[in-house]
Amino acid sequence: MSPSIPFSNSSRILIPGTKMDALAQMHFATIDYVIFALLLASSMGIGLYYALSGGRQRTTQEFLLADRSMSCLPVSLSLIATFQSAVAIVGVPAEIYTHGTQYWFIGCAYILGLFIPAHIFIPVFYKLHLTSAYQYLELRFNKPVRICGTVTFIFQTVIYMAVCVYTPALALNAVTGFDLWGAVLATGLVCTLYTTLGGLKAVIWTDVFQTIVMFAGQLAVIVVGVQQTGGVAEVWRKVSEGNRISGIDLNPDPTVEYTFWTLGVGGVFLMLSLYGVNQAQVQRYLSAKTERDAIMSCYMVFPSLQLALALSCVMGLVMFARYCGEDHFHNLGVLSKNEMVLYFVMDMLQGLPGLSGLFISCLFSAALSTISSAFNSLATVTMEDLIKPHCPSMTEARATLLSKGLACSYGLLCLAMAYLTHLMSDSVLQGALVGLGSGLAMAFWVGIGSIVTSTSGGLAAVSQFNCTAVQLSGNITTAMGTALISTAMPTVTHSRPMGLQRFYSLSFMWYSALNSFTVVITGLVVSFLTGPMKAEEVTPGTLYPLLGNMLFFVPDKLKQKLCCVTPLGHGPTIQECPPAQHERNGQAIYTEEGLLEEERQSFLLTSHTPVVEHETAL
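No experiment lies behind these values; they were computed from the predicted model shown.

Asker: So, a nonpolar patch on the surface: which residues are in play, and what are the values?
Answerer: Judged by side-chain polarity, F517, I521, V525, F528 and L529 come together as a nonpolar surface patch covering roughly 580 Å² of accessible area. Mapping L529 onto the fold places it in helix α20 (residues 511-530).

Asker: Before we move on, could you go through the packing of aromatic side chains and cite the residues and values that matter?
Answerer: Per the counting criterion, the structure on display carries 14 aromatic pairs. Considering the side-chain rings of Y103 and Y258, the 5.3 Å spacing of their centres and the 75° angle between planes classify their relative orientation as edge-to-face. Taken together, the residues Y103 in the loop between α5 (86-99) and α6 (109-128) and Y258 in the loop between α10 (232-241) and α11 (260-264) connect sequence positions 155 residues apart. Each member of the pair Y103 and Y258 is classed as buried. What links up through ring pairs into an aromatic cluster is the set Y103, Y258 and F508.

Asker: Describe the side chain of T131, with residues and values.
Answerer: Within the element layout of this structure, T131 appears in the loop between α6 and α7 (135-140). On the accessibility criterion, T131 (13% relative accessible area) is buried. Discounting residues that sit within four places of it in the chain, T131 has contacts with L65, R68, Q279, L286, T380 and E384.

Asker: Can you explain the packing of helix α4 (residues 72-83) against helix α13 (residues 279-286)? Please cite residues and give values.
Answerer: Taken N-terminus to C-terminus, the directions of α4 and α13 make an angle of 175°; their axes are 10 Å apart at the nearest point. Viewed along their axes, α4 and α13 adopt a mutual orientation that is roughly antiparallel. Residues V75, S78, L79, T82 and F83 of α4 form the contact with α13, whose own contacting residues are A280, Q281, R284 and Y285. Of the residues in the contact of α4 with α13, the class split is 5 nonpolar, 3 polar and 1 charged.

Asker: Could you give me a rundown of the environment of G266, with the residues and numbers involved?
Answerer: Here G266 lies in helix α12 (residues 266-275). We classify G266 as buried; its relative accessible area is 0%. With 244 residues separating them along the chain, G266 and W510 place their C-alpha atoms 4.9 Å apart. Discounting residues that sit within four places of it in the chain, G266 has contacts with W261, M509 and W510.

Asker: Give a description of the side chain of T255 that names residues and reports values.
Answerer: Relative to the assigned elements, T255 resides in the loop between α10 and α11. Look at T255 and you get buried, because its relative accessible area is 18%. A polar contact is formed between the side chain of T255 and the side chain of D253, at a distance of 2.8 Å.

Basis of the calculations
- Residues numbered from 1 in each chain as written.
- Predicted model: local features only at pLDDT ≥ 70, side-chain atom pairs only at ≥ 80, totals over all residues.
- Heavy atoms only, no water.
- Patch = residues over 30% accessible without salt bridge, like charges linked within 9 Å, V, L, I, M, F, W, Y side chains within 5 Å.
- Areas by Shrake-Rupley, 256 points an atom, 1.4 Å probe, with all protein chains shown as cover.
- Salt bridge = Lys/Arg side-chain N within 4 Å of Asp/Glu carboxyl O.
- Helix = DSSP H or I, 4+ residues; strand = E, 2+ residues; numbered from the N terminus.
- Phe/Tyr/Trp six-rings, centres within 6.5 Å; stacked < 30°, edge-to-face > 60°.
- Buried < 20%, exposed > 50% of the residue type's maximum accessible area, 1.4 Å probe, protein only.
- Contact = heavy atoms within 4.5 Å.
- Axes fitted to C-alpha atoms, helices over the stretch in contact; angles between N-to-C directions.
- Parallel < 35°, antiparallel > 145°, perpendicular 65-115°, else oblique.
- Nonpolar A, V, L, I, M, F, W, Y, C, P; charged D, E, K, R; others polar.
- Polar contact = N/O pair within 3.5 Å; in protein donor to acceptor, adjacent residues only side chain to side chain.

Geometric values such as these leave the question of function open.
Here it is in structure tokens:
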């Protein structure tokens with residue numbers, strides 16, 4: 001057995017039953033450090049490989065979009081890794097442990113949450129041959145809308161990536177004594193370097209590697225946990241008697257944290273915000289070789305997401321079965337939700353050198369994949385939406401160098417924001433930082449209102465299987481992306497919130513739906529009052545004929561009447577143009593639609609040529 005390196009500090013005074021007593025024996029072995037170092041070295045090596053191979057990241061096309069040359073398998077694994085954050089890996093098991101398997105029903109939302117992007121969003125984005133998702137907003141509406149979308153995305157993502165890098169490091173420090181800022185700096189700097197050097201190709205292939213590590217780490221914990229608990233039958237008996245196996249809850253109350261409607265309907269809107277229009281995901285779709293590869297990658301995400309959800313949920317059940325009714329169960333009472341899962345992992349794997357390091361690598365793989373995607377997507381939107389429009393004469397070499405500098409700058413900003421998060425404590429992790437315009441205001445209103453009206457102190461999650469009440473410290477709810485940790489629900493009876501307090505009690509799973517409807521309804525009302533856009537003013541290719549495609553069995557003449565299709569002539573659509581190519585920096589660049597990029601830009605941005613049909617956009 002490898003020599004172990006304890007983290008207990010001789011100056012600590014251990015008081016029985018306290019947090020220090022519960023964690024005094026937690027430590028890493030040397031091999032655990034080696035495995036963690038191998039994760040960082042491998043990620044760095046992938047970045048260096050793509051920095052020195054192929055086109056050596058000399059063009060923005062290669063650095064930001066991987067030369068649009070990726071196949072569907074790596075893109076699909078990168079899609080799941082992007083939002084399978086470390087917060088989710090420790091948060092979902094804690095939710096299952098506290099509330100039972102009700103959260104598992106969010107898997108139902110994955111169906112529509114991926115089908116809609118595959119057949120509506122991806123075709124529109126891919127045919128427009130965009131680089132930034134917010135370019136679409138200018139094509140469909142105007143430049144101020146594009147700028148608002150870009151600034152909102154930058155603001156949200158900068159905060160979110162700080163949470164993603166700081167939260168796992170903080171929990172690891174609390175459980176094992178692993179140096180907090182050592183973990184933050186190692187993760188942030190390594191990620192910054194391989195993202196800056198290797199571009200999107202490095203980010204995608206490191207995501208593939210890190211996804212495998214994530215699955216391996218979770219599986220190892222589950223296998224060892226089941227074996228130490230007494231087998232699958234014993235785990236099932238304990239979780240069943242502990243009422244942790246939940247049926248379908250059809251309660252329509254939107255303030256209840258987890259119901260079928262909250263997860264199955266509200267979850268669809270959350271999935272659309274992540275896999276439909278988020279820049280990090282759109283960028284991966286656009287890096288695929290063809291539109292078909294992009295659509296297939298979206299479909300291939302489904303089984304991977306279901307597997308990730310299943311592993312997290314089963315880990316929560318095994319954790320409940322392992323500790324429920326045990327003498328040392330009270331140790332968990334002094335731990336926050338984040339720390340609870342890591343305590344379980346370290347307890348299960350303590351006598352198995354290397355496996356603790358594997359799970360910590362799993363945890364930081366999730367953090368690396370999330371923040372590397374953030375760095376690259378932030379560099380992309382800043383370059384394409386804020387800099388290039390004001391510097392049209394910028395050379396390709398200078399644009400590429402500036403893109404790399406932006407990725408590096410955002411990496412350093414992430415570390416600064418992580419330190420700010422440390423200074424501001426858990427309160428900075430709360431709120432709903434999503435939406436645009438009125439939707440953004442609504443998100444802040446609901447998020448801040450829920451913080452102000454929330455009661456102080458933790459809430460007890462009481463099991464019915466001879467278990468002590470677990471005091472869950474802190475409220476680390478966040479509605480940004482996949483920050484899935486929410487306030488524990490009490491099992492005791494409380495007075496029903498009324499008025500604004502009830503509105504503030506809205507489940508965080510409804511935040512995306514609320515903000516989406518607020519934006520759409522407000523936009524429609526203002527457009528109606530100020531006058532709708534004329535059909536000939538709509539940029540070709542920015543509308544998806546949803547109703548027309550759904551009524552494919554209806555004759556064309558009747559379809560035109562039903563779908564409000566306006567025949568405006570037969571101007572050349574992108575698909576009708578002959579194959580063509582052009583050169584950029586000495587390299588021939590082909591577009592799938594067969595249109596020269598310069599001609600395409602001119603056509604989309606300045607042409608008002610009538611096209612065959614127009615229909616209300618989704």
